[in-house]
Structures are given as structure tokens and as C-alpha cells.
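# Summary of the model geometry
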Amino acid sequence: LIDHEAEQVEQLQVEETPVISPPTPVAYPQILIWGLWPEESLQPLRLALDAESDAVYWQEIDAITETEPLLEKLHDLPDDQLLLLCKGWEPPTGELADFCLQLAERRSHLFLWPIPLTGMSEARQLSLLGSWQAFMQQLPEQFHLLTRELPPQARSTDNREAHNHD
């Protein structure tokens, strides 16, 4: 017979030391907004994305003709994560695809977020999500699609564009 008996193991006492958390880095230090947006939609986004911080480069692009100066400016900034905000209630366009290809030449970590808008049916949301997913297949691999919901305080309430995308 073999007798198994557990021996008591001496536990090391770990001194409690205060844990100091480093400051939380900004998730997206560079944020670009594609198209014309009402200010009441942009301000909540700035707050939700912590874009009021001096550490965040925020730029709105409302025409393809504005991309060249922007791309030159990005050349002077570090190759940090870049978030491209798009109107998720509209399908992607060829102009946006061209701009994304230009961005991919200058950045290695790109995130595209088609911002949802409240009031859209779930069927419409899924339909638009499918078009954004197909659009992503045309883009280089450094692009990633974000499909999360906006925090409630950041949702647009603009009734003129009553579409919502997840």
C-alpha cells in the first residue's frame, strides 16, 4: 500500500506594495473624420474618444481635394494608431477607398469605424455592415473594421439622417 499524505507547504508572505498604474495612453492618437458631419454629432465623439486631449491629432476631411495637405501633415507625425471615422449610415465610396489606400502607404495600424446612427432598423444595420465588410476586403491588411456601438452619450440624435449602423 502506498500512503499519500499531503505535506503542508510553507507560503511565502508577499509584502503589499502599492500598485502604480501608468497613465492610460490615448487609444487613437490620430483621428480623421471623413465627410461633412453636424457639430452636434462630432462633439460627443470627441468626448467619447478622448480627442479633447492635446495628445490627439483630430482632423476633419470633407472633400477629396483636402487629402494631400493632410497626408503631408501625417508624414510629420509618428506612425501611431490612426482611427478613420466614417458615416456608417452611408455605404462606402470610391473616394474613400482611394483615400484609404493613400493612408495605408503612410500608416501601419489603421482602424476604420463606420459610426452608427440611432433609429435604423436592424435589417438595415446588417445590410450596411455587409457593405462595409466587403469594402474592407479591398483595403490593405493594416486596416481593421470597428463595429462596436457608441456609448449612449455619444450617439447622434440628428433626425434628418435617421439611420443606425452597428
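Right, let's walk through the structure included here. (Residues numbered from 1 in each chain as written. Predicted model: local features only at pLDDT ≥ 70, side-chain atom pairs only at ≥ 80, totals over all residues. Heavy atoms only, no water.)

## Quick word on the overall build of the protein chain
Summing up its helical and strand segments, the protein chain has 4 helices and 5 strands in all. Mapped in sequence order, the helices and strands of the protein chain form the string β-α-β-α-β-α-β-α-β. Looking at the protein chain as a whole, 39% of its 166 residues qualify as buried. Taking as baseline every contact in the protein chain between residues at least 6 positions apart, the subset at least 24 positions apart corresponds to 82%. For the protein chain, the exposed surface amounts to about 10600 Å²; the carbon and sulfur share of it is 51%. (Helix = DSSP H or I, 4+ residues; strand = E, 2+ residues; numbered from the N terminus. Buried < 20%, exposed > 50% of the residue type's maximum accessible area, 1.4 Å probe, protein only. Contact = heavy atoms within 4.5 Å. Areas by Shrake-Rupley, 256 points an atom, 1.4 Å probe, with all protein chains shown as cover.)

## Here we look at the pairing of strand β2 (residues 57-61)
One ladder, built from 5 bridges, connects strand β1 (residues 30-34) with β2; its direction is parallel. When the sheet's bridge partners are listed, L32 is paired in β2 with Q59. For the crossover from β1 across helix α1 (residues 39-48) to β2, the handedness is right-handed. (Pairing = 2+ DSSP bridges. Right-handed = clockwise from strand over helix to strand, strands pointing away.)

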